[in-house]
Amino acid sequence: MTGVDEAEGVAEAEGVAEGTDDAGNRVEGPTARAVVSYLVGSIVEDGDAVTIDADARGRSVRFQVHVAPEDMGRVIGRRGRVAQAIRTVVAAAGARDGVQTSVDIVDE
Amino acid sequence: MAEASLTLEEQGEAARAFLSGLFDAFGYEATFDVELRDAETVEVRAHGDNLGLLVGPRGATLAAVQDLTRTFVQRQSEARTDRVLVDIAGYREKRTAALQRFTTGIVEEVVASGEERALEPMGAADRKVVHDTVNSLAGARTRSEGVEPRRYIVIEPVR
């Protein structure tokens, strides 16, 4: 799509402001982080139980999503459909940041 | 737990709220309009510049965004939400127009040759566009065969 290159340009420009954590450290994939957090938070009942760990290796970021046990079904969906949709949309957000993403819904 | 059922208008507004938050998370500026297409279909359309990333290759990202929008609306409503449609940057509108042109061409071939034609498998929303288009034309009719997700339409001549 034509929007991809332009979108990455915008993300680079905003990267300084958005791409740092509270301590001012550089964070990979700020858009992808915001999007995975928003999507999971929108779908679960128990938002307080959500934690999302991000593990950045070079230009790829792996998100590990933890939710309350009773929310697992909602986040995964029938035949994994919701989890797959989350992965697709987070990948688009990662493209805006210039990173590859993966999303694991962690069963504990 | 799901609350009481939402009206179609309320489902549309819930979908708009979800999409607005999603576009914010992406850092995109967009405006939204919500339209009742008919008695059981509501469409939320996002307009803005450079939204192609959210449409994705062959609309794959748009389809995921629509799935997640329906999941969000479903959380708040016991009503079925498969009639909540999402369009981004006019993609679905353009695709529908292209599918109508394609279908019209096939109908012309079927009428001229008198032989039926099977189409590639497609999703329910696209099949509805094909059914509606064929029904609006003379000389052919549709039937569906196969099982989801490989369900497909056959266009057959009417003698």
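These numbers come from a predicted model, not from an experiment.

K.L.:
Go over the environment of Val84(B) with me, naming the residues and quoting the values.
P.N.:
All names here are of chain B. Locating Val84 in the fold gives a position in strand 3 (residues 84-88). On the accessibility criterion, Val84 (0% relative accessible area) is buried. Sequence-wise, Val84 and Asp49 are 35 residues apart; in three dimensions their C-alpha atoms are separated by 23 Å. Once residues within four sequence positions are removed from consideration, Val84 is found in contact with Gln11, Ala15, Val42, Gln66, Thr69 and Arg70.

K.L.:
Give a detailed account of the packing of aromatic side chains, specifying residues and quantitative values.
P.N.:
Geometry of an aromatic ring pair is reported as the spacing of the ring centres plus the angle between the planes. Under the definition given, this model contains four aromatic pairs over all chains. Here the aromatic residues Tyr38(A), Phe18(B) and Phe72(B) are joined through ring pairs into a cluster of three or more.

K.L.:
Describe the packing of helix 1 (residues 8-26) of chain B against helix 2 (residues 60-76) of chain B, with residues and values.
P.N.:
All names here are of chain B. Packing of helix 1 against helix 2 leaves a shortest axis separation of 9 Å and a crossing angle of 125°. In terms of their interaxial angle, helix 1 and helix 2 are classed as oblique. Between helix 1 and helix 2 lies a crossing of right-handed hand. Residues Gln11, Ala14, Ala15, Phe18, Leu19 and Leu22 of helix 1 form the contact with helix 2, whose own contacting residues are Val65, Leu68, Thr69, Phe72, Val73 and Gln76. Broken down by class, the residue content of the contact of helix 1 with helix 2 amounts to nine nonpolar, three polar and no charged.

K.L.:
I'd like a rundown of unusual backbone geometry, residues and numbers included.
P.N.:
A cis amide bond, omega 0°, links Glu148(B) with the succeeding residue Pro149(B). Mapping Pro149(B) onto the fold places it in the loop between strand 5 (140-145) and strand 6 (152-157). Of note, Arg79(A) is a non-glycine position whose phi angle comes to about 55°, a positive value. Residue position: Arg79(A) is located in the loop between helix 3 (72-76) and helix 4 (81-97). Not every positive phi belongs to a glycine, and Asn50(B) is a case in point at roughly 60°. Structurally, the position occupied by Asn50(B) is in the loop between strand 2 (41-47) and helix 2.

Conventions and cut-offs
- Residues numbered from 1 in each chain as written.
- Chains lettered and ligands numbered in written order.
- Predicted model: local features only at pLDDT ≥ 70, side-chain atom pairs only at ≥ 80, totals over all residues.
- Heavy atoms only, no water.
- Helix = DSSP H or I, 4+ residues; strand = E, 2+ residues; numbered from the N terminus.
- Buried < 20%, exposed > 50% of the residue type's maximum accessible area, 1.4 Å probe, protein only.
- Contact = heavy atoms within 4.5 Å.
- Phe/Tyr/Trp six-rings, centres within 6.5 Å; stacked < 30°, edge-to-face > 60°.
- Axes fitted to C-alpha atoms, helices over the stretch in contact; angles between N-to-C directions.
- Parallel < 35°, antiparallel > 145°, perpendicular 65-115°, else oblique.
- Left-handed = near helix turned anticlockwise from the far one by under 90°.
- Nonpolar A, V, L, I, M, F, W, Y, C, P; charged D, E, K, R; others polar.

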